[in-house]
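# Examining the three-dimensional arrangement
So the chains spell out like this:
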Amino acid sequence: MDYDRRFDDNEWTPEEIAQLRALDSERTPSAGLKARTVNSLRARHLIGAHWSPGLRSVFALAAAAVVFIAGTVVGYAAGSRRATAPAAVASPAAAVARVDSSGAAQRPQTRQVIWF
Amino acid sequence: MHESFDASTPDRDLVRAIRRGRSEDAFNVLYDRHTPRAFQTAWRLLGGSIHESEDVVQEAWMRAIESLHTWSDESAFGAWLRGIAAHVAIDVLRKTTRLAPEVDGEWSDEEWSSDRLDLETAIVGLPAGYRAVLVLHDVEGFTHEEIGARLGITAGTSKGQLFKARRAVRARLAPKQVGGGIPSEGAKRRSEER
């Protein structure tokens, strides 16, 4: 295409290409940039504050031990409280039922005859 | 177990350490290795603005680490990072509306304050649209299709911009030819061709 060829005519010469290649490929930013970048990455939890697998296992074991001990203590406390607790006071409904049932026992039995 | 990293540790091992364990030590090595080139790319694209270039590099690292899983160790990490930096720099140019298509006319001599005009200065001093295409194509090695996709222009427009950018660089360098500018032999050959 003429359009492309026209632009291709403007190619760099070998000397110019050499000049381009000779341009500095690196430039050193300020020292503060690294600190800023690291802080930003830390803030987003993208780097740092990592627990190694070993440390993670230790923490998991410690957490499991704490849960087990807490469960044991709570269970023991609950068990000892039940053993020393006074006899449970009956609820009003249970008391009424008991009175009713004792009264029924004392009532004379009546025979009922049904005529057909 | 604590892994140790140094300048000889390959990129893929460093990346793996960051992916798996968010290793800051691995990041430090990766940063020291690849930042100067990414910074240079951003600095050129942004016309020599150190402050903006540093912001761009910082943002490029953020995006790179966030999307580290998308990097394939078959490609060079440095080139991948520079691509991200270029993308961020273009976003900055676009936000500041400095990426508008350039007019055909040359810029005024008053824009050139330095007596010593080398190729780097000539490139950095180009209008943003010319500079972006020239840096991406002639320095970073992007194709016109890739440049078009990044800049939101067609490949043909990218070629046109590159043509004008090269002409502008030559125009600025030819009269002075000082301090590592384009050699006079090349300029002579071009004038003969005309």
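Residues numbered from 1 in each chain as written. Chains lettered and ligands numbered in written order. Predicted model: local features only at pLDDT ≥ 70, side-chain atom pairs only at ≥ 80, totals over all residues.

## Side note on the overall build of chain B
- Within chain B, the regular secondary structure consists of nine helices and zero strands.
- Each helix and strand of chain B, ordered N terminal to C terminal, gives the series α-α-α-α-α-α-α-α-α.
- In chain B, which comprises 194 residues, the share counted as buried stands at 39%.
- A sequence separation of at least 24 residues applies to 62% of the contacts in chain B between residues at least 6 apart. (Helix = DSSP H or I, 4+ residues; strand = E, 2+ residues; numbered from the N terminus. Buried ≥ 20, exposed ≤ 12 C-beta atoms within 10 Å, placed from the backbone. Contact = placed C-beta atoms within 7 Å.)

## Side note on the overall build of chain A
- Counting its secondary structure elements, chain A contains five helices and zero strands.
- Seen in sequence order, chain A has helices and strands lined up from the N terminus as α-α-α-α-α.
- Across the 116 residues of chain A, 7% fall into the buried class.

## Focus on the nonpolar core
All names here are of chain B.
- Counting 48 residues, the largest nonpolar core has Ala42, Val57, Ala60, Ala85 and Ala89 as the members making the most contacts within it.
- There are two domains that each give this core at least three residues, and those are domain 1 (1–98) and domain 2 (102–182).
- Not counting the four nearest positions on each side in its chain, Ala89 is found in contact with Ala42, Leu45, Leu46 and Val56. (Core = buried A, V, L, I, M, F, W, Y, C linked by C-beta atoms within 7 Å. Domains from an automatic or database assignment.)

## Regarding the confidence of the model for chain A
- Residues of chain A with pLDDT of at least 70 account for 59%, and the chain-wide mean is 78.
- Element-level mean pLDDT values for chain A span from 51 in helix α1 (residues 2–8) of chain A up to 96 in helix α3 (residues 31–43) of chain A. (pLDDT = per-residue confidence, 0-100.)

## Focus on helix α1 (residues 11–21) of chain B
Residue and element names in this part refer to chain B.
- Looking only at α1, the buried set comprises Leu14, Val15, Ala17 and Ile18. Looking straight down α1, one finds that the buried residues subtend no more than 160 degrees of arc, so they occupy a single side.
- Here the buried face of α1 lies against α2 (24–45), α3 (50–66) and α4 (77–95).
- Immediately downstream of α1, the backbone of Arg22 shows phi near 50 degrees, a positive value. (Arc of directions from axis to C-beta.)

## Structural notes on the interface of chain A and chain B
- Opposite the 31 residues of chain A that make contact, chain B presents 37 residues.
- Elements that contribute at least two residues to the side of chain A that touches chain B include exactly α1, α2 (14–21) and α3 of chain A.
- Of the residues belonging to the side of chain A that touches chain B, the class tally is 11 nonpolar, 12 polar and eight charged. (Nonpolar A, V, L, I, M, F, W, Y, C, P; charged D, E, K, R; others polar.)

## What about the confidence of the model for chain B?
Residue and element names in this part refer to chain B.
- Residues of chain B with pLDDT of at least 70 account for 78%, and the chain-wide mean is 84.
- Counting interchain partners and residues more than four positions distant, the pLDDT-below-50 stretch residues 103–116 has 10 contacts.
- Confidence over residues 177–191 falls short of pLDDT 50; this stretch has 28 contacts with residues more than four positions distant or in other chains.
- Listed scores for the predicted complex are pTM 0.69 and ipTM 0.79.

## Some details on the packing of helix α6 (residues 128–139) of chain B against helix α7 (residues 144–151) of chain B
All names here are of chain B.
- Contact pair α6 / α7: the axes reach a minimum separation of 10 Å and the direction vectors enclose 140 degrees. Of the possible angle classes, the one that applies to α6 and α7 is oblique. In the crossing of α6 with α7, the sense of the turn from one axis to the other is right-handed. Of α7, the residues touching α6 (which contributes Ala132, Val133, Leu136 and His137) are His144, Ile147 and Leu151. (Axes fitted to C-alpha atoms, helices over the stretch in contact; angles between N-to-C directions. Parallel < 35°, antiparallel > 145°, perpendicular 65-115°, else oblique. Left-handed = near helix turned anticlockwise from the far one by under 90°.)

## Side note on unusual backbone geometry
- The phi torsion at His45(A) lies on the positive side, around 60 degrees, for a residue other than glycine.
- With respect to the helices and strands, His45(A) occurs in the loop between α3 and α4 (53–84).
- The phi dihedral of Arg22(B) is positive, around 50 degrees, even though this residue is not glycine.
- Mapping Arg22(B) onto the fold places it in the loop between α1 and α2.

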